[in-house]
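These are the residues of each chain, in order.
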Amino acid sequence: MIQPDDVRIIRALQVAPRASFASMAAALGLTEGAVRRRYRRLHADGVIRVVGVVNPGALGQSRWLVRLRCRPGSAAAIAGALAKRDDVNWVALGAAGSEVTCATQARDQAQREELPGQRLPRTAAVLDINAFAMLRQFMGGRGHYWAALHGTLTPQEEAMLGSDSPPFTESPAVTDDPVHLTTEDEAMLDMLAADGRASLVDLATAADSTPGRVSRRLHVLLLQRVVHIDIEIAPQPWAITHGPTCGFEYTRHR
C-alpha cells in the first residue's frame, strides 16, 4: 500500500532525484527521518529506483533498436543471452514470447556495421532480425514534465526543490565531439548506475578521489549530457490509501 506522503516523495524525486533528505523534508513539510524511512521502504519494495543513465551518444557511440522474431519457446533463452552482453542496454520480450527487442550500442563505425549482421544471435531459433539506428533523441530536463503526477506537489513545493530547468530537449544521437571518460569517471558512473543517489563521499571512494572533485566532475558530466539521473517507477498499478474509506490507483505511463 502506497501512502499519500509516499506519492509526494516520489514526485519530489522526479523533480530533484539527488536532493538531500533534509531538502525534501523541508519542501514537503515532513521530518527528515520520515522521508528517509519512506524512501528506503519504497526502494526495498521495488516501487522506485533512482539510477544514473549514461548517454552513449555523448561518448561517440551509436545506438540501435533491434527486433528478433523467434520460434515459440526460444525467446527467453535468447533474451537472457543478450542481457549478459556489455553492448546491450536493455532487453524486452513481446508478441506472446516469440519476439525479443533490445537496445544496443556501438563505439565506432566498424562495430556499428558489424553489430546487426554478425554479432547478434544467429541460430535456427531466430527467424529474422530487424535493426533500426537511432537518429534523434530527447533527454535532459526534469521528471516533473511527466504529467501522471502533475499537481501532487504545489508549485511552491516544487520550486523549493529547484524545479527551474527546461523540459526535455533534443540532443544529437551521436555527437561530433565525443567525451573521453577517465578511469575516475567510469568508476563514478558505475556507482551511479547502481544508485543514482549515491553520496559524494561514496562516489569519491569509488573513484579514489575527493568529494569536492567528484562533485565538480559530476556537474560537468551532467552539463555535457554524458549522464542523467532518472527515477524508475514500477509499472504495476499502485494501491494508494487516502483516508479511512476511499482509495486511488495510479498507473505509470511513459
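These figures come from a predicted structure and were not determined experimentally. (Residues numbered from 1 in each chain as written. Predicted model: local features only at pLDDT ≥ 70, side-chain atom pairs only at ≥ 80, totals over all residues. Heavy atoms only, no water.)

## Describing the packing of helix 7 (residues 183-194) against helix 9 (residues 211-223)
Between helix 7 and helix 9, the least distance of the axes is 11 Å, while the angle of their chain directions is 80 degrees. With respect to their mutual orientation, helix 7 and helix 9 come out roughly perpendicular. Note on element contacts: helix 9 touches helix 7 through R213, V214, R217, L218 and L221, opposite E184, D185, M188, L189 and L192. In the contact of helix 7 with helix 9, the residues fall into 6 nonpolar, no polar and 4 charged. (Axes fitted to C-alpha atoms, helices over the stretch in contact; angles between N-to-C directions. Helix = DSSP H or I, 4+ residues; strand = E, 2+ residues; numbered from the N terminus. Parallel < 35°, antiparallel > 145°, perpendicular 65-115°, else oblique. Contact = heavy atoms within 4.5 Å. Nonpolar A, V, L, I, M, F, W, Y, C, P; charged D, E, K, R; others polar.)

## Focus: the pattern of salt bridges
In total, this model carries 11 salt bridges according to the counting rule given. Across the salt bridge formed by R41 and D6, the nearest N and O atoms sit 2.6 Å from each other. Pair noted here: R41 is in helix 3 (residues 32-44) and D6 is in helix 1 (residues 4-15), with a separation of 35 residues, a long-range link. Measuring nitrogen to oxygen at the nearest pair gives 3.5 Å for the salt bridge that ties E184 to R213. (Salt bridge = Lys/Arg side-chain N within 4 Å of Asp/Glu carboxyl O.)

## Overview of helix 1
Taking 1.5 Å of rise per residue, 12 residues should cover 16 Å, and helix 1 covers 17 Å from first to last C-alpha, within 8% of that figure. Burial analysis of helix 1 places 10 of its 12 residues in the buried class, the great majority of the element. Along helix 1, the residues that are buried comprise D6, V7, R8, I9, I10, R11, A12, L13, Q14 and V15. (Expected span 1.5 Å × (residues − 1). Buried < 20%, exposed > 50% of the residue type's maximum accessible area, 1.4 Å probe, protein only.)

## Notes on helix 2 (residues 21-28)
One turn of an α-helix holds 3.6 residues; hence residues three or four places apart share an orientation. Of all the residues in helix 2, the buried ones are F21, M24, A25, A27 and L28. Projection of helix 2 onto a plane perpendicular to its axis shows the buried side chains occupying an angular sector of 165 degrees, all on one side. On its buried face, helix 2 sits against helix 1, helix 3 and helix 6 (155-160). Note on helix 2: the residue one or two positions beyond its end, G29, has a positive phi of about 75 degrees. (Arc of directions from axis to C-beta.)

## Remarks on the sheet that holds strand 2 (residues 62-70)
The 4 strands are arranged 3-4-2-5 in an open sheet whose pairing can be described as antiparallel. The open sheet has two edge strands, strand 3 (88-94) and strand 5 (126-133), and neither has a second partner. This sheet shows a mean twist of 20 degrees between the axes of neighbouring strands, independent of strand direction. Here 7 bridges tie strand 2 to strand 5, and the two strands are oriented antiparallel to one another. Residue pairing for strand 5: L65 is matched across the bridge by F132. Along the sheet, helix 4 (residues 75-83) contacts strand 2, strand 3, strand 4 (99-106) and strand 5; its crossing angle with strand 3, the most-contacted strand, is approximately 170 degrees. (Pairing = 2+ DSSP bridges.)

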